[in-house]
Amino acid sequence: MIQIIKIAWRNIWRNKLRSFVVIFSIVLGIWAGLFIMALTLGLNEQRMNGAINTYLSHIQIHNPDYINDPNIKSYISQPEQTLAALRQNKNIKAFSERTIVMGMVSSSKGAYGVRLMGINPEQEKQVSDIHTLLTSGTYFTKFKRNPAVIGQKLADKLGAKVRSKIVISFQDLNNDIISAAFRVEGIYKSSSSRYDEYNIFIKRDDLNRLGHLNGKIHEIAAICPSINQVDEVVKSLQVAIPDSKVQGWDEVAPELGYAQEMMSSVIYIFMGIILFALAFGIVNTMLMAILERRRELGMLMSVGMNKIKLFSMIVFETIFLSSIAVPVGMLLSYLFIQYFAHKGIDLSVAAKGLESLGISAIIYPYMPGHYYFSITLMTVLVAFLSSLVPAKKALNLNPAEAVRSI
Amino acid sequence: MSIITTKDLFKIYNAGSEIEVRALNGVDLNIKEGEFTAIVGPSGSGKTTLLNIIGGLDQPTSGSVIINETEITNLNANQLIDFRLHNIGFVFQAYNLIPVLTALENVEFIMMMQGEPQDLRQKRAKELLKAVGLERETNKRPNKMSGGQQQRVAVARALASKPKFVLADEPTANLDSKSTAQLLDIMANLNKEEGTTFIFSTHDQRVIDRARRVITLDDGKIIADE
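Counting its secondary structure elements, chain A contains 16 helices and 12 strands. Over its C-alpha trace chain A gives a radius of gyration of 31 Å, far above what one expects of a compact globule, namely 22 Å for 406 residues. For the C-alpha atoms alone, the extent of chain A along its principal axes is close to 100 × 45 × 30 Å. Roughly 18800 Å² of accessible area belongs to chain A as shown, and the carbon and sulfur atoms make up 60% of that amount. Of the side-chain charges in chain A, 41 are positive and 30 negative, and the distance between the mean point of each set is 11 Å.

Residues and elements named next belong to chain B. Strand order in the open sheet formed by four strands is β2-β1-β4-β5, with antiparallel pairing between adjacent strands. Only two strands of the sheet have a single partner each, and these edge strands are β2 (21–32) and β5 (70–71). For strand β1 (residues 2–13) and β2, the ladder comprises nine bridges, and the chain directions are antiparallel. Bridged to isoleucine 12 within β2 is arginine 22.

Turning to unusual backbone geometry, a few remarks are in order. Comment: phi is negative for the bulk of residues other than glycine, and the bulk of peptide bonds are trans. All names here are of chain A. Of note, asparagine 146 is a non-glycine position whose phi angle comes to about 45°, a positive value. Locating asparagine 146 in the fold gives a position in the loop between β4 (134–137) and β5 (147–151). When its relative accessible area of 4% is taken as the criterion, asparagine 146 is described as buried.

Between chain A and chain B, the contact holds 23 residues from the first and 27 residues from the second. Surface buried jointly by chain A and chain B totals about 2200 Å² across both partners, of which 63% is contributed by carbon and sulfur atoms. Remark: the boundary between chain A and chain B carries two salt bridges. Of the charged contacts in the structure, one is a salt bridge between Glu105(B) and Lys6(A), with a shortest N-O distance of 3.1 Å. In this structure, the connection of chain A to chain B is made through six residue pairs in polar contact (both at pLDDT 80 or more). Counting only elements with at least two residues in the side of chain A that touches chain B, the list comes to α1 (2–12), α12 (294–302), α13 (307–343) and α16 (399–402) of chain A. If you tally residues by element for the side of chain A that touches chain B, the top one is α12(A), at six residues. Tallied by class, the residues present in the side of chain A that touches chain B amount to nine nonpolar, six polar and eight charged.

Residues and elements named next belong to chain A. Here the largest pocket is characterised by a volume of approximately 760 Å³. Breaking the lining of the largest pocket down by element, the ones donating at least two residues are α2 (16–56), β1 (59–62), α3 (64–68), β2 (94–107), β3 (110–119), α7 (193–198), α10 (249–252) and α11 (254–292). Considering every element that reaches the lining of the largest pocket, the biggest residue donor is α2, with five residues. Here the lining of the largest pocket is built from residues that sort into 14 nonpolar, nine polar and seven charged. Taken domain by domain, the makeup of the lining of the largest pocket includes at least three residues from each of domain 1 (2–52 + 256–402) and domain 2 (96–218).

We now examine the domain arrangement of chain A. Its domain assignment divides chain A into domain 1 (2–52 + 256–402) and domain 2 (96–218). Of note, the centres of domain 1 of chain A and domain 2 of chain A, computed from C-alpha atoms alone, are 52 Å apart.

Residues and elements named next belong to chain A. On the surface, Asp231, Glu232, Asp250 and Glu261 cluster together to form a negatively charged patch. Along the chain, aspartate 250 falls in helix α10. Overall, the relative accessible area of 33% leaves aspartate 250 in the partly exposed class.

Our next topic: the sheet that holds strand β8 (residues 197–202) of chain B. Residue and element names in this part refer to chain B. With respect to topology, six strands assemble into an open sheet ordered β6-β7-β8-β3-β9-β10, the strand pairing being mixed. The sheet is open, and its two borders are formed by β6 (88–91) and β10 (221–225), each paired with just one other strand. Across the sheet, the mean angle from the axis of one strand to that of its neighbour is 20°, orientation sign disregarded. Sheet topology note: the strand β3 (residues 36–40)/strand β9 (residues 213–218) ladder contains four bridges and is parallel. Bridge pairing links alanine 38 to valine 214 in β9.

Let us now look at the side chain of Arg157(B). Along the polypeptide, Arg157(B) turns up in helix α5 (residues 147–160). In this structure, Arg157(B) is buried with no salt-bridge partner, the nearest side chain bearing the opposite charge being Glu296(A) at 8.7 Å. There is a polar contact of 2.8 Å between the side chain of Arg157(B) and the backbone oxygen of Asn96(B). When near neighbours in sequence (up to four residues on either side) are disregarded, Arg157(B) contacts Met299(A), Phe90(B), Phe92(B), Tyr95(B), Asn96(B), Leu97(B), Ile98(B), Asn106(B), Val107(B) and Ile110(B).

This part is about the packing of aromatic side chains. All names here are of chain A. In the structure shown here, the tally under the stated rule is 20 aromatic pairs over all chains. Through a chain of ring-to-ring contacts, three or more aromatic side chains come together here, namely Trp9, Trp13, Phe20, Phe316 and Phe320. The lysine or arginine in question, lysine 216, covers the ring of tyrosine 75, its NZ or CZ lying 5.0 Å from the ring centre.

For the rest of this paragraph, the subject is the packing of α2(A) against helix α15 (residues 369–395) of chain A. Two quantities define a packed helix pair, namely the angle between the axes and the distance from one axis to the other. Residue and element names in this part refer to chain A. Remark: α2 packs on α15, axes separated minimally by 12 Å, with the N-to-C direction vectors making an angle of 145°. Considering only the axes of α2 and α15, their crossing is right-handed. Listed contacts from α15 to Ile26, Ile30, Leu34, Met37 and Leu41 of α2 are Tyr371, Tyr372, Ile375 and Thr379.

The next thing to look at is a nonpolar patch on the surface. Residue and element names in this part refer to chain A. On the surface, Ile36, Met262, Val266 and Phe270 cluster together into a nonpolar patch covering about 320 Å² of accessible area. Element by element, the count of residues in the nonpolar patch is highest for α11, at three residues. Within the secondary structure layout, isoleucine 36 lies in helix α2. The class of isoleucine 36 is partly exposed, set by a relative accessible area of 38%.

With that out of the way, let us pick up α2(A). Here α2(A) is 41 residues long and its end C-alpha atoms lie 56 Å apart, about the 60 Å a rise of 1.5 Å per residue gives. Just downstream of α2(A), Ser57(A) is the residue with a positive phi angle, here 65°.

Our next topic: the pairing of strand β4 (residues 62–67) of chain B. Residue and element names in this part refer to chain B. Here β1 pairs with β4 via five bridges, running antiparallel. Bridge pairing in β4 places phenylalanine 10 opposite serine 62. Two strands pair when backbone bridges link them, and β4 and β5 are joined in this way by two bridges, in the antiparallel orientation. Residue pairing in the sheet places isoleucine 66 in a bridge with glutamate 71 of β5. Here β4 folds back onto β5, and the loop between the two strands holds two residues, one of which, asparagine 68, carries a positive phi near 50°.

Rules of the game
- Residues numbered from 1 in each chain as written.
- Chains lettered and ligands numbered in written order.
- Predicted model: local features only at pLDDT ≥ 70, side-chain atom pairs only at ≥ 80, totals over all residues.
- Heavy atoms only, no water.
- Helix = DSSP H or I, 4+ residues; strand = E, 2+ residues; numbered from the N terminus.
- Rg over C-alpha atoms; globule rule 2.2 N^0.38 Å.
- Areas by Shrake-Rupley, 256 points an atom, 1.4 Å probe, with all protein chains shown as cover.
- Lys, Arg positive; Asp, Glu negative; His and termini not counted.
- Charge placed at Lys NZ, Arg CZ, Asp CG, Glu CD.
- Pairing = 2+ DSSP bridges.
- Buried < 20%, exposed > 50% of the residue type's maximum accessible area, 1.4 Å probe, protein only.
- Contact = heavy atoms within 4.5 Å.
- Buried area = accessible area lost by both parts, 1.4 Å probe.
- Salt bridge = Lys/Arg side-chain N within 4 Å of Asp/Glu carboxyl O.
- Polar contact = N/O pair within 3.5 Å; in protein donor to acceptor, adjacent residues only side chain to side chain.
- Nonpolar A, V, L, I, M, F, W, Y, C, P; charged D, E, K, R; others polar.
- 1 Å grid on protein atoms, 1.4 Å probe; cavity = no way out; pocket = protein on both sides within 12 Å on 5 of 7 lines; lining within 4 Å.
- Points joined across faces, edges and corners; volume = space filled by probe spheres on them.
- Domains from an automatic or database assignment.
- Patch = residues over 30% accessible without salt bridge, like charges linked within 9 Å, V, L, I, M, F, W, Y side chains within 5 Å.
- Axes fitted to C-alpha atoms, helices over the stretch in contact; angles between N-to-C directions.
- Phe/Tyr/Trp six-rings, centres within 6.5 Å; stacked < 30°, edge-to-face > 60°.
- Lys NZ or Arg CZ within 6 Å of the ring centre and 35° of its normal.
- Left-handed = near helix turned anticlockwise from the far one by under 90°.
- Expected span 1.5 Å × (residues − 1).

Now the structure itself:
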C-alpha cells in the first residue's frame, strides 16, 4: 500500500496546474464558507451580547402578571424576600431594581409613547452598559432635579438636545395622570434604534416620588459571572422566590435564543451547500484525470493491479489534494477572521437597517474553534465521497480497451 | 510441453446484429514452453483479440484457453487479475510505463504487487535492467528516456514477476530500426538463455524474421503455422 500511496502522491503533481486549480477551489470554498459563517455568527453574537449588555441582562425577575401585562400595578409582591434571595446567591454578580411605567414624552415637536425606566444609576451601571453608550451629555451626575437620559432616535424625534426640557406624563398607581418636566442630561445610542426610540431612563427616586409608588419594583435585572450559569441560577432563584417569575435572557427574548440555536444549524446547512458545489468540482477534475490516464490505468489492470489497489490509488489522490487544501484554507480563514475580529467590518452604508435589527454597523466576525474542527471533518469527508465517483469510473474500465486507447 | 492451449476459440462482437464481427473464428492453438512465436496477419485478422484472450484481458464468446492446466476462461474477474499478476508478462505497443516512477521503480512495481520484499525486488529489478542494457538509467523517469529505452524497461517489467510467458502486442511498432534490433536481441537472448516464452503480435518483418514460429491469422482463423 505504501507504493500505491507513493504513486498517488506523485500522480497529483503530474498536472500541476490542474492540481492547483482543485486545491485553490477547495481553499476558496473553505475560506468563503468559514468567513461568511464567522460574519453571520459575529453578527448574531453582537446582536445577542448587545441586547444582554444593554437591556436584557442575564436574568430578569418580575411579578408573573407583568409578563403578559406590563401594568404599573404588577409590581414584585415580596421585594425584600426577592432581594435577599439575590444577595444570598453566590452566582449573582450584580443586580439592579427597576421601576417601570408606560407613559408619554412630549416636546415642542411632538409627543411619543415611551417606557420610563426608573433606575438607581449606580446599580444600573452594574447590569447595563447604557452609561457607556452616551453620544452626548452625562449619566445622572450633573442635574439634581428630574434628569433624564434618552435615546438618540427619540432625541431626534423630539428635537431634544442635552439640557433640553421634555415633559413626561404617566398614570400613577391611583390612575391619576401625572405630568412632570424633565431635563435631558444624556443621550445614548445603543445597537438597537428601536430600543433607543422607546426607553427613557430617569432616577427611580424621581419616579417613585412623582407616581406615589413607594419604592415599588417592577423588574430586577441581574448578571451572573458567566452566561453559562444562567439556567442553573434561574432554577435556584425560582425555588427561592416562587411568587415571582424568574427568567433567563433567552426566555425574556426568545427570538435571540432561537436565533442562536438556529444559527448553529444554518451554518452547517450553509457549509454543506458550499461543500456540495465543491464536490462537483472535485468529481469533474478527477474524472478528467481518469480519462486522461485511461491507457495507464488499463496497463495497471492488465499487469495485475487489483481493484482495491486501483480504487485506493484514486481515492488517495483526491484525499491528498484536499489534505493540502484544507489546512491552507483553514489557516487563511483563521487569519482573515482574526484580523477582522479585531478590526471589524464597517457596514455603515447599511447602518440604519442593521440598527433597526439591533445590530451594530461594525461587524466583528466570530468563529468558535470547534467549527474549524467540524468543517475540516466535513471537507475531508466530502473529498473522500467525491473521489468515489472517479474511482468507480476507473474500476469500470476494460483493461484490454483502455490499454490501447489514445 | 504445452504452456498455452486454445480450443475452438470464437470471439464475436455484436453477435446477432447486422454489424456482427467475427474476430476469432475457431482458433485451435498450442504453444510450448520456450517458444519465440510471432502471430501475424493483416489488420483486423484477430491478432490482438487472440492475445487479449490468451492474456485473460478479454473473454471469448466460446471455446477455452488453458494455461498450464488452468482453464482461465472459467476464472472470474478477480481470479483473472491474480492469474495475470503471477503468470503473464505484458509488453505493450505504447510502452505504458508509469510516468511518475523511475525505471527501477517501474520494474519493481509488479513484484511489489506480488508482495515481494523490498531488498529482493530491488536486486531483481537491477539485474533485469542490466540484462536489457539499462543499468545506468535506473533512476530516470520514462519522460527522460527514448522510446527504445522505455520499451526495454517494459520488457524488464514484464519479466520481473517471473511469468510463464510474455505477451508482446506490436512491441516494435513505435521504434526505429536500431532500437528494434536491440530489443529483439534482448528478447531473443532471454528466450535462449533463460527459456522465457515470448508471443508477439506484429506486422513488423524484422520481428517475423527473428521468430522461430510464425502463426498467420486471417479473418479470425489460423491460415498458416510455420
